[in-house]
Amino acid sequence: MPHASSKLSPDPAFVVPARQWVAMAALMVAVLAAVAVGLWQFQHRAHEYLREALGNQLQDLAVTIAATVPGDSLAFWALHTGADQWVAPVQVPLTRVRQDTGLSNIFVCLPTGEVLVDVSQSLLVGEPNPFLALDAVEVEIARSGIASHSRLYHVMGSDYFMTGYAPIFDSLDEVAGFVGVEASVGYFDALGQLRRNLLVIGATVVALVALLMVVWLFYARRLARARQALLRNETLSAMGRMTAGIAHEIRNPLGVIKNAAQLLKEDLHEKGIESDLIEFIPEEVDRLNEILTGYLDFARQAPPHRVEVDLVQLLRRTLRLFEQDFQDHGVELIDELPAERVTIEGDSHRLQQVFLNLILNAMQAMPQGGHLALELTQEPEVVKVKVRDSGVGFRPEDARHLFEPFVTTKEKGSGLGLSVVRRIVEEDHGGRIRLEGAPGKGATAIVELPRRR
Ligand code: ADP
């Protein structure tokens, strides 16, 4: 279990709170609902508009047809129902009109509702039209001399029906009868088509909005993370400046203590007094100095000094520094570095520090010895270095904390190594670093460095 050697752990305020995500999700649902309702309203209005337009068209058609029917003849026909030769001159052209326009029926009635002409031949001529009861108001309007149209009937399991009515006038301008123009299925195809198109548009818009929301969420998360990183950097840099000041102040007295201890040892030696205790002083001073160096590295603010660096050469040079340690700790090196030069633009001193820290961590993770592999692979834009060990590994839940400063599982660790590594890789070189591993199965540090920034 890693412990923080100071109080510096991620401020909970930096983490995007769950209720913010819930609010975002609620907003997303609200926007989607608003879009769905908006579209539904649009489709409803468009449907209304189209229905009205079709109704008017039907009404106009009825007026046009009514004008072709001789009003003065209606009363005469009524007296001679069944006398087809009187009706034929009207019935024939109306049949053609019905065929040309795709109407389902055209009929002519007396003001009483008695059928005189029925193009579809489904009504009984001479008898009252039974369907007029459905459109009582519209029929009444037609009887009073004004054209009208019925509402749109949607017969279950069937299609839409609508009838346009127009009065027929005789030569005295009296209403002698009326024309009914019925439209169904094909005529109202436009309505069905509109609904289908709108459904497709609606589904597409909803999908697009959902997609936009996902993208927005993605960027909102990135923004929150960037903000978190910024705040962390600010805190760390303030803390770093303070640490650097203190470290600097402590270094000088430490140097004095070490020298004094050396002199004291010589003095005691001259007086014939030998004490092992005196040896501890310079040893512990050195250790304190090492810790201070870590803190100073961490607090460093200077920009990197970038030059062309041969990474293979740098890695081999770093490995040489560990040769003796590898032997002493029973670590077997697996060298998977390429033979040729691999150059990137970087700060060679800081890059060396990265691999020093990673190799040191790997060695410390293998107290009983083991294997340490160093691998370098190249991609067109990026060079990837893996430091793999067969050590103790770490628990998955600890993984995301290991790069935080002052987090360590070691008795004498500072918890600064990986945070310095991350800063050098990510901030100084624009690269990426991650640590993979499992308890008892070793760990692999993967460093990706762009060839150029
Ligand atoms: P320190 O080495 O002083 O503890 P670091 O920042 O270098 O500080 O490492 C933080 C912690 O990450 C270590 O204490 C250790 O628990 C874990 N760690 C780092 N490298 C490895 C590794 N190769 N294998 C297992 N654990 C590791």
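Below is a short write-up of the structure.

A short note on a nonpolar patch on the surface
- Judged by side-chain polarity, Leu-208, Leu-211, Val-215, Phe-218 and Tyr-219 come together as a nonpolar surface patch covering roughly 510 Å² of accessible area.
- With respect to the helices, strands and loops of the structure, Leu-211 is situated in helix α5 (residues 189-270).
- The exposure class of Leu-211 is exposed, given its relative accessible area of 53%.

Observations concerning unusual backbone geometry
- Although it is not a glycine, Gln-121 sits at a positive phi angle of roughly 60 degrees.
- Its place among the elements puts Gln-121 in the loop between β3 (115-118) and α4 (136-143).

Some remarks on the side chain of Thr-408
- Relative to the helices and strands, Thr-408 is located in strand β13 (residues 407-408).
- You can call Thr-408 buried: its relative accessible area is 7%.
- Within polar-contact distance, the side chain of Thr-408 engages the backbone nitrogen of Lys-410 at 3.0 Å.

Here's the deal with the packing of helix α9 (residues 348-364) against helix α11 (residues 417-428)
- Interaxial distance between α9 and α11 falls to 9 Å at its minimum, and their mutual angle equals 145 degrees. Handedness of the crossing formed by α9 with α11: left-handed. Along the contact surface, α9 presents Arg-350, Leu-351, Gln-353, Val-354, Asn-357, Leu-358 and Asn-361, while α11 presents Gly-417, Leu-418, Val-420, Val-421, Ile-424, Val-425 and Asp-428.
- For the contact of α9 with α11, the residue count by class is eight nonpolar, four polar and two charged.

Basis of the calculations
- Residues numbered from 1 in each chain as written.
- Predicted model: local features only at pLDDT ≥ 70, side-chain atom pairs only at ≥ 80, totals over all residues.
- Heavy atoms only, no water.
- Patch = residues over 30% accessible without salt bridge, like charges linked within 9 Å, V, L, I, M, F, W, Y side chains within 5 Å.
- Areas by Shrake-Rupley, 256 points an atom, 1.4 Å probe, with all protein chains shown as cover.
- Salt bridge = Lys/Arg side-chain N within 4 Å of Asp/Glu carboxyl O.
- Helix = DSSP H or I, 4+ residues; strand = E, 2+ residues; numbered from the N terminus.
- Buried < 20%, exposed > 50% of the residue type's maximum accessible area, 1.4 Å probe, protein only.
- Polar contact = N/O pair within 3.5 Å; in protein donor to acceptor, adjacent residues only side chain to side chain.
- Axes fitted to C-alpha atoms, helices over the stretch in contact; angles between N-to-C directions.
- Left-handed = near helix turned anticlockwise from the far one by under 90°.
- Contact = heavy atoms within 4.5 Å.
- Nonpolar A, V, L, I, M, F, W, Y, C, P; charged D, E, K, R; others polar.

The analysis is restricted to geometry; functional conclusions fall outside its scope.
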